[in-house]
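Listed below, chain by chain, are the residues.
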Amino acid sequence: QVQLVESGGGLVQPGGSLRLSCAASGSIFSINVMAWYRQAPGKQRELVAVITSGGSTNYRDSVKGRFTISRDNAKNTVYLQMNSLKPEDTAVYYCYARLARSRGPYEYDYWGQGTQVTVSS
């Protein structure tokens, strides 16, 4: 069994900051890609930021320069530092990981349960 557990969401005023964390635990051999997605009410889930095992990152255009994704491979944890938050950043944020449970070619996709981020005055 593998679990992804997120933390760090909450209510923040426009211009404020939040830091999300997601820790993966269980039967894990290696983690390839880790990412953050978000889903606002009535909208499709969208990719926010992604980081590879080697540390390469990519962001959606609307968060570039404001959000930073990072990971601690020793702790199987990914972070999302969110600065200069805007009301349009309001959504449920989901952690994602593609990982291997044992040595070999097979990898599996896992999702966290989601954490609410609300940006409002």
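Please refer to the structure placed before this passage.
Residues numbered from 1 in each chain as written. Predicted model: local features only at pLDDT ≥ 70, side-chain atom pairs only at ≥ 80, totals over all residues. Heavy atoms only, no water.

Colleague: Just checking my understanding: could you explain the packing of aromatic side chains for this structure?
Modeller: Each pair of aromatic rings is reported with the distance of its centres and the angle of its planes. Applying the stated criterion across every chain yields a total of three aromatic pairs. Their ring planes at 70° and their centres at 6.0 Å tell us that Tyr37 and Tyr96 sit as a pair that is edge-to-face. Taken together, the positions of Tyr37 in strand β4 (residues 30-39) and Tyr96 in strand β9 (residues 91-100) put the pair 59 residues apart, joining distant regions of the chain. Look at Tyr96 and you get buried, because its relative accessible area is 9%. Seen from their ring centres, Tyr96 and Trp111 are 5.1 Å apart, and the 55° between their planes marks the pair as tilted. On the criterion of sequence distance, the pair formed by Tyr96 in strand β9 and Trp111 in strand β10 (residues 108-111) is long-range, its members being 15 residues apart. The exposure class of Trp111 is partly exposed, given its relative accessible area of 38%. Aromatic rings pair up to connect Tyr37, Tyr96 and Trp111 into one cluster. Lying across the ring of Tyr94, Arg45 places its NZ or CZ 3.7 Å from the centre. Over the ring of Trp111 we find Arg45, and its NZ or CZ is 4.7 Å from the ring centre. (Phe/Tyr/Trp six-rings, centres within 6.5 Å; stacked < 30°, edge-to-face > 60°. Helix = DSSP H or I, 4+ residues; strand = E, 2+ residues; numbered from the N terminus. Buried < 20%, exposed > 50% of the residue type's maximum accessible area, 1.4 Å probe, protein only. Lys NZ or Arg CZ within 6 Å of the ring centre and 35° of its normal.)

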